[in-house]
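Each chain, letter by letter, is given below.
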Amino acid sequence: MKLLDIRNLNIELLTNDDRIRAVESANFSMKEGEVSALIGESGSGKSLIAKALVGVLNNRWEVTADRLHFMGEDLNRKSDKERRKIISRDVSMIYQEPRRCLDPTANIFSQLEESLPDREFSGWFGSRKSQRVKLCSNLLHKVGVKDHRAIFESYPHMLSEGVCQKIMIAMAIAKEPKLLIADEPTTALESTTSLQVIKLLKSLNQLKDMAVIFITHNLNTITSWADTINVMYCGQLIESGKTQKILSAPMHPYTKALFDSEPDFKSGDIDKKERLYTLKGTIPTLQHLPAGCRLGPRCPNAQKACVKMPEQRKVRGQQFRCHYPLQELTK
Ligand SMILES: Nc1ncnc2c1ncn2[C@@H]1O[C@H](COP(=O)(O)OP(=O)(O)OP(=O)(O)O)[C@@H](O)[C@H]1O
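This one's a predicted model, so the numbers in the text were calculated from it and none came from an experiment.

Asks: When you look at the overall build of the chain in this model, what are you seeing that I'm missing?
Replies: When you go through the chain residue by residue, the secondary structure sums to 11 helices and 13 strands. Its C-alpha atoms give the chain principal-axis dimensions of roughly 75 × 55 × 40 Å. Taking all 331 residues of the chain together, 35% fall into the buried category. In the chain, once contacts between residues fewer than 6 apart in sequence are set aside, the share between residues at least 24 apart is 64%.

Asks: Teacher, can you tell me more about the sheet that holds strand β7 (residues 91–94) here?
Replies: Either a parallel or an antiparallel arrangement is found when strands of a sheet pair, and the pairing is made through backbone hydrogen bonds. Taken in spatial order, the eight strands line up as β7-β8-β9-β3-β10-β11-β13-β12 in an open sheet, and their pairing is mixed. The outermost strands of the open sheet, each flanked by one partner alone, are β7 and β12 (313–315). Here the average twist between neighbouring strands, direction ignored, is 15 degrees. Across five bridges, the pairing between strand β8 (residues 179–183) and strand β9 (residues 211–215) is parallel. Opposite D183, over in β9, you have I215 as the bridge partner. Set on the sheet, helix α1 (residues 46–54) makes contact with β3 (35–40), β7, β8, β9 and β10 (228–233); between it and β8 the angle comes to about 145 degrees. Lying over the sheet, helix α7 (residues 161–173) contacts β7 and β8, oriented at roughly 175 degrees with respect to β7.

Asks: Whenever I open this one, the site of the ligand confuses me. Can you help?
Replies: Surrounding the ligand, one finds L13, A22, G40, S42, G43, S44, G45, K46, S47, L48 and L286. Considering each element in turn, the shell around the ligand owes the most residues, three residues, to α1. Residues belonging to the shell around the ligand are distributed by class as follows: four nonpolar, six polar and one charged.

Asks: Quick question: what am I supposed to make of unusual backbone geometry here?
Replies: With glycine set apart, most residues show a phi of negative sign, and most peptide bonds adopt trans. Non-glycine residue D147 carries a positive phi angle of around 55 degrees. Assignment of secondary structure puts D147 in the loop between α5 (125–142) and α6 (148–153). A residue is classified by how many C-beta atoms lie within 10 Å of it, and D147, with 10 of them, is exposed. The phi dihedral of C234 is positive, around 50 degrees, even though this residue is not glycine. Inspection of the secondary structure assignment puts C234 in the loop between β10 and β11 (236–242).

Asks: Help me understand the nonpolar core, please; the structure alone is not making it clear to me.
Replies: Side chains that are nonpolar tend, in soluble globular proteins, to be buried together. In this structure, I167, M168, A170, I181, V212 and F214 are the most contacted members of the largest nonpolar core, which totals 80 residues. The leading source of residues in this core is α7, at nine residues. The contacts of M168, once residues within four sequence positions are left out, are I94, Y95, P98, C101 and L102.

Asks: Where do I start with the pairing of strand β5 (residues 67–70) in this structure?
Replies: The alternating pattern of β5 places L68 and F70 on a buried face, while none of R67 and H69, on the opposite face, is buried. As defined by bridge partners, strand β1 (residues 2–14) adjoins β5 across four bridges and the pair is classed as antiparallel. Note that in β5 the partner of R7 across the bridge is R67. Here β5 pairs with strand β6 (residues 73–74) via two bridges, running antiparallel. Bridging across to β6, H69 finds its partner in D74. The turn joining β5 and β6, which pair antiparallel and follow one another in sequence, is formed by two residues; a positive phi near 50 degrees is taken by M71.

Asks: Whenever I open this one, the packing of helix α4 (residues 108–115) against α7 confuses me. Can you help?
Replies: The axes of two packed helices give the description: the angle between them and the distance between them. In the contact formed by α4 and α7, the axes pass within 8 Å of each other and the chain directions differ by 25 degrees. By the angle between their axes, α4 is roughly parallel relative to α7. Crossing angle aside, the handedness with which α4 passes α7 is right-handed. Taking contact as the criterion, the partners of I108, Q111, L112 and S115 in α4 are, on α7, I167, A170 and M171. Tallied by class, the residues present in the contact of α4 with α7 amount to five nonpolar, two polar and no charged.

Asks: Got a minute to help me understand the pairing of β9 in this structure?
Replies: Taken residue by residue, a regular strand's side chains alternate between the two faces of the sheet. With respect to burial, β9 is a largely interior element, five of its five residues being buried. By the alternation rule, side chains of β9 split into A211, I213 and I215 and V212 and F214, which are all buried. Bridge count for β3 against β9 is four bridges, and the pairing is parallel. Bridge pairing in β9 links A37 to F214.

Rules behind the numbers
Residues numbered from 1 in each chain as written. Predicted model: local features only at pLDDT ≥ 70, side-chain atom pairs only at ≥ 80, totals over all residues. Helix = DSSP H or I, 4+ residues; strand = E, 2+ residues; numbered from the N terminus. Buried ≥ 20, exposed ≤ 12 C-beta atoms within 10 Å, placed from the backbone. Contact = placed C-beta atoms within 7 Å. Pairing = 2+ DSSP bridges. Axes fitted to C-alpha atoms, helices over the stretch in contact; angles between N-to-C directions. Near = placed C-beta within 6 Å. Nonpolar A, V, L, I, M, F, W, Y, C, P; charged D, E, K, R; others polar. Core = buried A, V, L, I, M, F, W, Y, C linked by C-beta atoms within 7 Å. Parallel < 35°, antiparallel > 145°, perpendicular 65-115°, else oblique. Left-handed = near helix turned anticlockwise from the far one by under 90°.

What follows is the structure, given as structure tokens:
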């Protein structure tokens, strides 16, 4: 069974006199226990997709989809309350700005305690409390936070960004969700801790079969771990498929450019002081999107047909939007 199946997802920002489509016709699906990476330039819509999934976008945003299935349940047919119940039970998210997402008025223990799954704690009041303290300590231990007692008493403003990030990760994994959405979970962390966190997420993925949507700019991390890669550009998912296929034979010029711009993925040796590959131009704003293919004005392969928006195509399991894919379709 598919864990998540989304068809034609649109996310629009409602302004006073207009609506701006920030994510257009995104199709996204994943199996249980799968690790799926969402990559793309800053501002391409990755976080919006994540926030739409967990339902935290405010009413300035309109989210619509032809299909929105999670664990076989059609979320489009559920009331807001039912949808929230399903999501809060089985989906957790690690946000990009940890300090802003923690409650500034509550100490860390009460926030961690609140994230523990609903279950019966046995025994008298005092022993129930000590069970909760133990569980919260275990969570902090898992994410590599020491000095639990002092951290429990602290408020978010008293802690570094890195520690807040670890606490948010601890809260997100507390209920062992079916799906964890990690929006650049390691940006605020030093490299050794970041490796530790990736290791932890990997072990939860393998031992508890927790699926992960990993949003990142770090291609090294995801290519060694993700089963599938989804590439976004300007609000559109322009290529999706199995990691190895996308790495070895990308269909979309933007996907190739993204990997070529990383020294570790560039084919052939790099000369000393050689410039890394970049696409010309910059990502357009949502108000000034080009007609037709959104990469058109920056694409090295653009031709006449690119003034028309390319349809989404699927070849041997790889989905892409391009009139002139980089690989032969008949191979
Ligand atoms: N609250 C908001 N108000 C107005 N526009 C927004 C808001 N949040 C996001 N956007 C716009 O929606 C688009 C997608 O933003 P999003 O945060 O999803 O990008 P992203 O790919 O996650 O970028 P990053 O990698 O920098 O986090 C961007 O053009 C952004 O400016």
